[in-house]
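Chain by chain, the residues run as shown.
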Amino acid sequence: MTDDLRTRLANPDDPVLCAGGYLFELERRGYLTAGSFVPEVALDHPEVLKQVYREFVRAGSDVIEAFTYNAHREKMRLIGKEELLEPLNRSALRTAREVAAEGWDRPPLVAGNISNTNIYDPDDPATADQVRAMYTEMVGWAREEGVDFILAETLYYRGEAEIAMEVIREAGLPAVITFGVFADGRLRDGDDPATAAAALEAAGADVVGLNCFRGPATMLPHLEAIRAAVSIPVAGLAVPYRTSPNEPTFFNMHDHCCSVPLDVGRTFPTDLEPFLCNRHEVADYARRARAIGVDYLGLCCGNAPHYMRALAEAVGRTPPASRYSPDMAKHFLFGTDPSLKRHNRDFADRA
């Protein structure tokens, strides 16, 4: 690696770009089960995971998140494969390191990834010990596999985030901590996101912010509040969906135009396509986030390489995938190249 996370973050004019969203992308490709969302692909089809890592780096990501989201002991027990916990984690980590070493002009950093455990309960002290044990083993494997930092993401309890921070600090690694904020705008143990972010800064986090659940329209106000509350870099990884004040997260979006029954009675997680942002909206999100002062910028569930390229280009980057950015000049109806047939171009307004 040419530099580390802290060095890259030290340049206020050059944000760290991070592509999240492996869960949805691999589910769309048919390599992951929606609902349980366990990254078995790391063992079953490591070549597919490697290609997804590669595509997001080509599109502009400075970070490869080793795909160990939900690869913790509780989830592996839930699907009856707890014995595969360590092999899965190490496979995802090693595959990420292999892609990072492929000779990129801008070598990506590799993040070890821990996530919400879904068992933490502030009213049950025993769950804190269970969470700490789960995080300790995952962070330990990530450290042994040579990650550059740890990303603890989609944490909807401040208490769980503080446990994650303790474990990462004990491992001696930089920490990026991001919260998932539900519809009421608070973490589940009561704090508003800005207050929780300030607490994690005090605990030693290198970056604090938000990821997932909320699209640009409903995440940006919280990011602005976090920026005002902390002095360290701020992370913002929205989902690329058109959330609104009436439907602030992608959990509660209603498709009133759908003419067929939905399998689970809601659009989340497999019927959200009608609410996707377009590339111009993703670019606008990137510019607005940068104007607020977001230093660690990306997208979460719903992300795809074309979105990541649009985000990167919006902040002035020209990633390898920009070689194939849209160019309508030679389109037979809408192009401007003088060699195009006039009878086709004249027909464009009737197409």
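Residues numbered from 1 in each chain as written. Predicted model: local features only at pLDDT ≥ 70, side-chain atom pairs only at ≥ 80, totals over all residues. Heavy atoms only, no water.

1. Remarks on the overall build of the protein chain
Where we set the bar: Strands here are runs of E lasting at least two residues and helices are runs of H or I lasting at least four, both read from the DSSP assignment and numbered beginning at the N terminus. Between buried and exposed lies partly exposed: a residue is buried under 20% and exposed over 50% of the maximum accessible area for its type, with that area taken using a 1.4 Å probe on protein chains only. For accessible areas, the Shrake-Rupley method is used with a probe of radius 1.4 Å. Any residue's cover is judged against the shown protein chains and nothing else.
Along its length, the protein chain carries 13 helices and eight strands. Based on the C-alpha atoms only, the size of the protein chain along its principal axes is roughly 75 × 50 × 45 Å. Residue burial in the protein chain is summarised as follows: out of 351 residues, 55% are buried. Element-wise, carbon and sulfur atoms account for 49% of the exposed surface of the protein chain, whose accessible area totals about 15,200 Å².

2. As for helix α9 (residues 193-203)
Basically, it comes down to this: Any pair of residues with heavy atoms lying within 4.5 Å of one another is described as a contacting pair. Identification of polar contacts relies on pairs of N or O atoms within 3.5 Å, with a donor-acceptor requirement for protein atoms, meaning one able to donate a hydrogen and the other able to accept it, and with residues adjacent in sequence counted only if both atoms are side-chain atoms.
Buried within α9 are the following residues: Pro193, Ala194, Ala196, Ala197, Ala199 and Leu200. Check the buried side of α9 and you find it contacts α8 (158-171), β5 (175-179), β6 (207-211) and α10 (216-229). One side-chain oxygen of the residue at the start of α9 lies 3.1 Å from the amide nitrogen of Ala194, identifying that residue as Asp192. Of the residues one or two after α9, Gly204 is the one with positive phi, at around 115°.

3. Some thoughts on the packing of helix α7 (residues 125-144) against α8
For the record, the criterion: Angles run from 0 to 180 degrees between N-to-C directions of axes, and those axes are lines fitted to C-alpha atoms, restricted for helices to the stretch in contact. If you view the pair so one helix is near and one far, a crossing is left-handed when the near helix is turned anticlockwise from the far one by less than a right angle, and right-handed when it is turned clockwise. Three categories are distinguished: nonpolar for Ala, Val, Leu, Ile, Met, Phe, Trp, Tyr, Cys and Pro, charged for Asp, Glu, Lys and Arg, and polar for the others, with Gly belonging to the last.
Contact geometry of α7 with α8 gives a least axis separation of 9 Å together with a crossing angle of 40°. Our pair here, α7 against α8, has a crossing hand that is right-handed. Every residue of α8 that contacts α7 at Ala128, Val131, Arg132, Tyr135, Thr136, Val139 and Arg143 is listed here: Glu160, Ile163, Ala164, Glu166, Val167, Ile168 and Ala171. Among the residues forming the contact of α7 with α8, the class breakdown is nine nonpolar, one polar and four charged.

4. Some thoughts on the packing of aromatic side chains
For clarity, the threshold we go by: Between 30 and 60 degrees the pair is tilted, below 30 it is stacked and above 60 it is edge-to-face, where a pair is any two Phe, Tyr or Trp rings, Trp via its six-membered ring, whose centres lie within 6.5 Å.
Enumeration according to the criterion identifies 18 aromatic pairs in this entry. Members of the aromatic cluster, connected to one another through ring pairs, are Phe24, Phe37, Tyr120, Tyr156, Tyr157, Phe182, Phe213, Tyr241, Phe250, Phe251 and Phe268.

5. Focus on the packing of helix α4 (residues 46-58) against helix α6 (residues 85-100)
Going by this rule: In what follows, roughly perpendicular refers to angles from 65 to 115 degrees, roughly parallel to angles under 35, roughly antiparallel to angles over 145, and oblique to any angle outside these ranges.
Interaxial distance between α4 and α6 falls to 9 Å at its minimum, and their mutual angle equals 45°. The angle between α4 and α6 falls in the class oblique. The element α4 and its partner α6 pack so that their crossing is right-handed. Contacts between α4 and α6 involve Pro46, Leu49, Lys50, Tyr53 and Arg54 from the first element and Ser91, Ala92, Thr95, Ala96, Glu98 and Val99 from the second. Counted by class, the contact of α4 with α6 contains six nonpolar, two polar and three charged residues.

6. Focus: the pattern of salt bridges
Opposite charge on two side chains makes pairing possible when the charged atoms of those side chains draw close. We apply this condition: The salt bridge definition used is simple: a Lys or Arg side-chain nitrogen within 4 Å of an Asp or Glu carboxyl oxygen.
Throughout the structure, instances matching the rule amount to 29 salt bridges. Two residues, Arg29 and Glu25, come together in a salt bridge whose shortest N-O distance is 2.9 Å. A residue is classified by how much of its surface remains accessible, and Arg29, at 30% relative accessible area, is partly exposed. Salt-bridge contacts for Arg90 lead to Glu144; the nearest nitrogen and oxygen are separated by 2.4 Å. Of the two residues, Arg90 is situated in helix α6 and Glu144 in helix α7; the sequence distance between them amounts to 54 residues. Overall, Arg90 belongs to the buried group, its relative accessible area being 15%. By sharing partners, the salt bridges in this structure join Arg73, Glu74, Arg77, Glu82 and Glu137 into a single network.

7. With respect to the pairing of strand β8 (residues 296-299)
Short version of the rule: When DSSP finds at least two bridges between two strands, those strands are taken to pair. Seen with the strands pointing away from the viewer, any crossover whose path from the first strand over the helix to the second strand runs clockwise is right-handed.
Burial along β8 is two-sided: Tyr296 and Gly298 and Leu297 and Leu299, pointing in opposite directions, are all buried. With four bridges joining them, strand β1 (residues 16-19) and β8 adopt parallel strand pairing. Among the inter-strand pairings, Val16 is bridged to a residue of β8, identified as Tyr296. Note: strand β7 (residues 234-238) against β8, four bridges, orientation parallel. Of the residues in β8, the one forming a bridge with Ala235 is Tyr296. Crossover handedness for the path β7 to helix α11 (residues 279-292) to β8: right-handed.

8. Here we look at the side chain of Asn89
Looking at the element boundaries, Asn89 is found in helix α6. With relative accessibility at 1%, the residue Asn89 sits in the buried group. At 2.9 Å, the side chain of Asn89 forms a polar contact with the backbone oxygen of Leu85. Those residues in contact with Asn89 that lie beyond four places of it in its chain are Thr68, Ala71, Met138 and Trp141.

9. Focus on α11
Our working definition: Under the convention used throughout, the expected extent of a helix is 1.5 Å for every residue step, that is, one less than its residue count.
Over its 14 residues, α11 runs 20 Å from end to end, which matches the ideal 20 Å to within 8%, given 1.5 Å per residue. For α11, the capping residue at the N-terminal end is Asn278, with a side-chain oxygen 3.0 Å from the backbone nitrogen of His280. Looking at the residues trailing α11, positive phi occurs at Gly293, about 115°.

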